[in-house]
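# Secondary and tertiary structure notes
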Amino acid sequence: MRQLSTHRRHPLAGVLVLLLGLVVAGGLYAAAAPGSARADSAGTDADLVAEGRELYLTGCSSCHGQNGQGILQREGGQYGPSLIGVGAAAVDFQVGTGRMPMAQNSQQAPRKEPFYDAAETEAMAAFVAAEFGPGPAIPGPEYYDLAGVSDEDITEGRELYLANCSACHNAAGIGGALGGGRYAPTLEGVEGVHFAEAMITGPQSMPVFSDEVLTPEDKRNIYASLREIQAEPASGGFDLGRVGPVGEGLAGWVAGIGALVGFAVWIGKHSVRASKQ
Amino acid sequence: MTTHGSHPADGSSAGDSANLPAEQAHPDERVEVHAGDPVANPGLGSHQPRPTDVDPAAEKRAERQISLLFAISALLTLGFCVAYFAIPRDAVLFGTSALNLALGVTLGLALLLIGIGAIQWAKTLMDDHEMVEMRHGSGSSDEDKAEALAAFEQGAEESGFGRRSMLRGTLLTSLGVLGLPAVVLFADLGPLPGNAPRRTVWAKGVRVVNDVTGEPLRPDEIQLGQLVNAQPGVFYEIAEGEEHPAYEGTELLNAKAKASVVVVRMLPDEIVNASSADKGVDGILCYSKICPHLGCPISLWEQQTKNLICPCHQSTFNLADGGRVVFGPARRAVPQLELGLDDEGYLIALGDFAEPVGPSFPEMYQD
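Before going into details, it helps to say that this report is about the structure given with it. Sequence positions are assigned chain by chain, starting from 1 and proceeding in written order. Written order decides the labels, with chains lettered from A and ligands numbered from 1. Given that this is a predicted model, residues contribute local features only at a pLDDT of at least 70 and side-chain atom pairs are listed and counted only at 80 or more, while totals for whole chains, interfaces and linings are drawn from all residues.

A few words now on the overall build of chain B. Of the regular secondary structure elements, chain B holds eight helices and 13 strands. Contacts in chain B between residues far apart in sequence, at least 24 positions, make up 56% of those at least 6 positions apart. Put simply, DSSP marks the helices as runs of H or I at least four residues long and the strands as runs of E at least two long, and each gets a number from the N terminus on. Once C-beta atoms are placed from the backbone, any two residues with those atoms within 7 Å are in contact.

Next comes the structure, spelled out in structure tokens:
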């Protein structure tokens, strides 16, 4: 240090300090810029991105590739699809609902207990948004905040739900079958932010419902109508998960009437006789 | 107890186990009994009394039990009436309506207990002697047949049905004409639909708008992998000087049932059918939402496989290949609507569907 301080008046010292300053400032800018350049992407913090990179390289890159390019299989198909341009919303949805990482390669990744906690999910979302090209950001509360929702909003949301969602997810939101072992999952217990992310990003078999066609307000109304339906008590009795009249009728005929017939047979057969005359 | 009113002697009395068909003294012609039956007659076992038959205490106990069942049933029925007024309609119990649950449980159990009590009564207290009923022929006796025939002939003679030919003729005519209204009423099935099954409200220049909201669509608003459930703009646009859109009520529903479409977007490279791609705009394709099998609305869109699935019978259409049927009972591809852009850059139809939408009908193959 003494050597450094004795040379502080050297003619080149100023140039050196200037160079050092430029390198530090440039380095900081390079680390922070990809995030901050996209105002709509969450996570501009360089530390967050770095942590996300760490988690991504450890937990995701084996299928999605170190640069998020996806990994193709030799016989066609892929281990993991490309993550270029998927944005923070897709990561928050897939990881936040436990769909990713997949437990096994199958037709569809099911919802399960999340493997990563909220902070780790946020870091990975920040990393993917910062490094893999621009994509949809994590939607804000205007998509799912139900404060101040009127009955008219709920009615409009219900009509939109019936036109756009009910074909796959069932009129009551309990999900249904698609082709080839794929299915539309139940919407029971889905958090508002994940609901909005699914509509924006179109995960797995689900199509995209862009904000230009179904505005954030439309999406909030759909969410409100869904919550309204799910809060309704089953006035017709035990609803077997609202599978609909065919399933309930089958259970009623086979199990209900079957039990009554069995009971009638039993009560008719059962008979006691005295041994003594 | 007896086999037939006219032959009381053939009946067997209750508990008389000795009087069995093979041993009958006077078998008549309608009870055919072969002495040499290959299966030996097992006869009836000796009568076994029940505890209530031989033990007065058990009989008393059974009577009290059955009375208790009936009494509980009465209380439950009263409970039904009380619950009807006492339980508020919006009360919830076990995730279902508390009122419905209470009404169902009380009335159901009340009926069940009456039933159980009645059966217990019959099984434990009423007489339970065994009895034998003989089989007998089902035809009437010769005297009955002769009597009926004579009565009919007398009636025909007295009415003069055979003689009075004018009366007979007019009666038969009036009865015959009665069949005519049943045929005439079939006219209600008409009028014939004419060209209606082949046409929808789509025409050149009709905008493609989002269902429910009625917002027109621009290509840049539709992302890759997107599904838009769309309708013709004429259902939402209000002409100048009018208060409502041109279609309303039943007319709207009928038009909508044929005109509903789905708009999807995929990469132009992913579309394998070149003529289908030409009908779209930059990979945005528009297909009928009505299944060509039986007319269900199809919008189960798997954006990865490009398959559109009908929920009714699982007909599956590949929209990347002109709506070709890849699975299910549908016999023809789902019709595609040719898209274009208007001056303001919104998606419009370039005409009606080239073929009928919805379920196929015989006439569509005649031309």
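Moving on, we get to the overall build of chain A. Summing up its helical and strand segments, chain A has eleven helices and four strands in all. What you see for chain A is a C-alpha radius of gyration of 29 Å, clearly larger than the 19 Å of a compact globule of 277 residues, by over 25%. In chain A, buried positions account for 33% of the 277 residues. Of the contacts made within chain A by residues no fewer than 6 positions apart, 65% connect residues no fewer than 24 positions apart. C-alpha atoms define the radius of gyration, and 2.2 Å times the number of residues to the power 0.38 defines the globule rule. The burial label depends on the number of other C-beta atoms within 10 Å of a residue's C-beta. Counts of 20 or more mean buried, 12 or fewer mean exposed, and intermediate counts mean partly exposed, with C-beta atoms placed from the backbone.

Residue and element names in this part refer to chain B. Two strands are counted as paired when DSSP detects at least two bridges linking them. Across the sheet, which stays open at both edges, the four strands sit in the order S7-S8-S9-S10 with antiparallel pairing between neighbours. Lying at the two open borders of the sheet, with one neighbouring strand each, are strand S7 (300-302) and strand S10 (324-327). With strand direction ignored, the average angle separating the axes of adjacent strands in the sheet is 30°. Note on geometry: axes are C-alpha line fits, over the in-contact stretch for helices, and angles between N-to-C directions span 0 to 180 degrees.

Right, let's get into the packing of helix H2 (residues 56-86) of chain B against helix H3 (residues 98-124) of chain B. Residue and element names in this part refer to chain B. In contact at an axis separation of 8 Å, H2 and H3 are set at 160° when each is read in the N-to-C sense. Judged by the angle between their axes, H2 and H3 are roughly antiparallel. Of the two elements, H2 crosses H3, and the hand of that crossing is left-handed. In this count, Pro and Cys sit with the nonpolar residues alongside Ala, Val, Leu, Ile, Met, Phe, Trp and Tyr, while Asp, Glu, Lys and Arg are called charged and the others, Gly among them, polar. Each residue belonging to the contact of H2 with H3 can be placed in one class, and the counts come to 19 nonpolar, eight polar and no charged. An angle below 35 degrees is treated as roughly parallel, one above 145 as roughly antiparallel, one from 65 to 115 as roughly perpendicular, and anything else as oblique. Crossings are classed by handedness, with left-handed meaning an anticlockwise turn of the near helix from the far one by less than a right angle and right-handed meaning a clockwise turn.

What follows is about helix H6 (residues 118-131) of chain A. Residue and element names in this part refer to chain A. Expected span of a helix: the number of residues minus one, times 1.5 Å. Over its 14 residues, H6 extends 20 Å from the first C-alpha to the last, a length consistent with the 20 Å expected when each residue adds 1.5 Å. The buried count for H6 comes to ten of 14 residues, which makes it a mostly enclosed element. One or two positions beyond H6, positive phi appears at glycine 133, with a value near 85°.

All names here are of chain A. Residue position: lysine 219 is located in helix H10 (residues 216-231). For lysine 219, a count of 23 C-beta atoms within 10 Å puts it in the buried group. Spatially, the C-alpha atom of lysine 219 lies 7.0 Å from that of alanine 196, the residues being 23 residues apart in sequence. Beyond its immediate sequence surroundings of up to four residues, lysine 219 is in contact with Tyr143, Ala196, Met199 and Leu214.

The next point concerns the nonpolar core. Only buried residues count toward a nonpolar core: Ala, Val, Leu, Ile, Met, Phe, Trp, Tyr and Cys, linked into one set through C-beta atoms within 7 Å. Core analysis: the largest hydrophobic core is formed by 90 residues, its most contacted members being A:Val128, B:Val208, B:Val263 and B:Leu308. For this core, the leading source of residues is H6(A), giving eight residues. Not counting chain neighbours up to four residues away, the residues in contact with B:Val263 comprise B:Val208, B:Leu217, B:Ile222, B:Val228, B:Ala230, B:Ile284 and B:Cys286.

Moving on, we get to the interface of chain B and chain A. Tallying the contact residues gives 38 residues for chain B and 32 residues for chain A. Listing elements by their share of the side of chain B that touches chain A, those giving two or more residues are helix H1 (51-54), strand S2 (96-97), H3, strand S4 (227-232), S7 and strand S8 (307-309) of chain B. Take the side of chain B that touches chain A: its biggest share by element is four residues, from H3(B). Broken down by class, the residue content of the side of chain B that touches chain A amounts to 16 nonpolar, 16 polar and six charged.

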